[in-house]
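Residues per chain are reported as follows:
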Amino acid sequence: RFAIRGVVGPYFAALALLFGLFASLTAGDVWQRVGSANTLVASEVNSLRSLLRLAEALGPAAAAVSGAVRDYASEVEREEFERAPAEAANAKPLESLRALYRIAVDPAVFAGHPQVEAQFLASLETVRSARLERLELRKAHLAPVKLRIIFLFGVLTQIAIALCHAGNPRALGAAVLLFSIAFSACVGILTTFDDPQAFARLVGDRVLADLQ
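Residues numbered from 1 in each chain as written. Predicted model: local features only at pLDDT ≥ 70, side-chain atom pairs only at ≥ 80, totals over all residues. Heavy atoms only, no water.

Peer 1: Before we go on, may I ask you to explain the packing of aromatic side chains in this structure?
Peer 2: To describe a pair of aromatic rings, one takes the distance between the centres and the angle between the planes. One pass over the full model with this rule turns up seven aromatic pairs. For the ring pair Phe-19 and Phe-183, a centre distance of 5.7 Å and an interplane angle of 50° mean the geometry is tilted. Of the two residues, Phe-19 sits in helix α1 (residues 9-55) while Phe-183 sits in helix α6 (residues 169-194), which places them 164 residues apart along the sequence. When the centroid spacing of 6.2 Å and the interplanar angle of 75° are considered together, the rings of Phe-22 and Phe-153 count as edge-to-face. Taken together, the positions of Phe-22 in helix α1 and Phe-153 in helix α5 (residues 144-164) put the pair 131 residues apart, joining distant regions of the chain. Classification of Phe-22 as partly exposed rests on a relative accessible area of 23%. Members of the aromatic cluster, each reached through a chain of ring pairs, are Phe-19, Phe-151, Phe-179 and Phe-183. (Phe/Tyr/Trp six-rings, centres within 6.5 Å; stacked < 30°, edge-to-face > 60°. Helix = DSSP H or I, 4+ residues; strand = E, 2+ residues; numbered from the N terminus. Buried < 20%, exposed > 50% of the residue type's maximum accessible area, 1.4 Å probe, protein only.)

Peer 1: For this particular structure, what's the right way to read the packing of α5 against α6?
Peer 2: What describes two packed helices is the angle between their axes and the distance between those same axes. Where α5 contacts α6, the axes come no closer than 9 Å and their chain directions differ by 170°. Comparing the axis directions of α5 and α6 gives the class roughly antiparallel. Residue-level contacts link Leu-147, Ile-150, Phe-151, Gly-154, Thr-157, Gln-158, Ile-161 and Ala-162 of α5 to Leu-172, Ala-175, Val-176, Phe-179, Ser-180, Phe-183, Val-187, Leu-190 and Thr-191 of α6. Of the residues in the contact of α5 with α6, the class split is twelve nonpolar, five polar and no charged. (Axes fitted to C-alpha atoms, helices over the stretch in contact; angles between N-to-C directions. Parallel < 35°, antiparallel > 145°, perpendicular 65-115°, else oblique. Contact = heavy atoms within 4.5 Å. Nonpolar A, V, L, I, M, F, W, Y, C, P; charged D, E, K, R; others polar.)

Peer 1: Any chance you could explain helix α3 (residues 95-104) here in plain terms?
Peer 2: Helical geometry: 3.6 residues make up each α-helical turn, so side chains three or four residues apart lie on a common side. Within α3, burial applies to Ser-96, Leu-97, Ala-99, Leu-100, Ile-103 and Ala-104. Taken end-on, α3 shows its buried residues confined to a sector of 155°, consistent with a single buried face. (Arc of directions from axis to C-beta.)

Peer 1: Explanation requested: the pattern of salt bridges in the structure shown.
Peer 2: A side chain of one charge can pair with a side chain of the opposite charge when the charged atoms of the two come close. Tallied over the full model, the rule gives eight salt bridges. Here Arg-33 and Asp-194 are joined by a salt bridge, their closest N and O atoms 2.7 Å apart. In this pair, Arg-33 is assigned in helix α1 and Asp-194 in helix α6, connecting sequence segments 161 residues apart. Across this residue pair, the class does not change: Arg-33 and Asp-194 are buried. A salt bridge links Glu-136 to Lys-139; the shortest N-O distance between them is 3.8 Å. Within this pair, Glu-136 and its partner Lys-139 are both found in helix α4 (residues 114-139), separated by three residues, close to a single helical turn. Judged by relative accessible area, which is 48%, Glu-136 ranks as partly exposed. Connected through salt bridges with shared partners, the residues Glu-95, Arg-98 and Arg-102 form a single ionic network. (Salt bridge = Lys/Arg side-chain N within 4 Å of Asp/Glu carboxyl O.)

This is the structure:
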């Protein structure tokens, strides 16, 4: 009398759990990349502000540093966040960054201020490395195998839902349709956030506008 005759729904819920778990982990990878890029933007901007504060002790050189920092913010805005979708930002050195390095190695600028020179170089290196790391994060994409696994688990979950509603065509169609919508939305959101242009919009690029 305890024999099971038919499909047991809770057993198939394990497939849905696998799909949800893998989809959430994949989404976590994408959001972690966006969060890391925003952290790097904040570090970059703080270091640029540090350059401006340090330049105040340099007398006539302060104007040159201030101009180069604002040129850097404009170049980053133009090169990384205002390009067409088909154009990818590259890691080539910006002219404004070269100008800041020329100021940093000019012995006349920091004469009598060795501590200011050391801190200036450290902040400048932070700016350079933060930008390079941010560009590398932007180039990274979801591995195609991850999307294929999500698709596989999604198809298996749909089959499981269909089996659980065997004999009731209306409930079967409604359940499969609802899951298909959720499945499509999940994949669509992941691929959208993985797009370089969408990634750039999620990163706090407008923070750089504070320096302009």
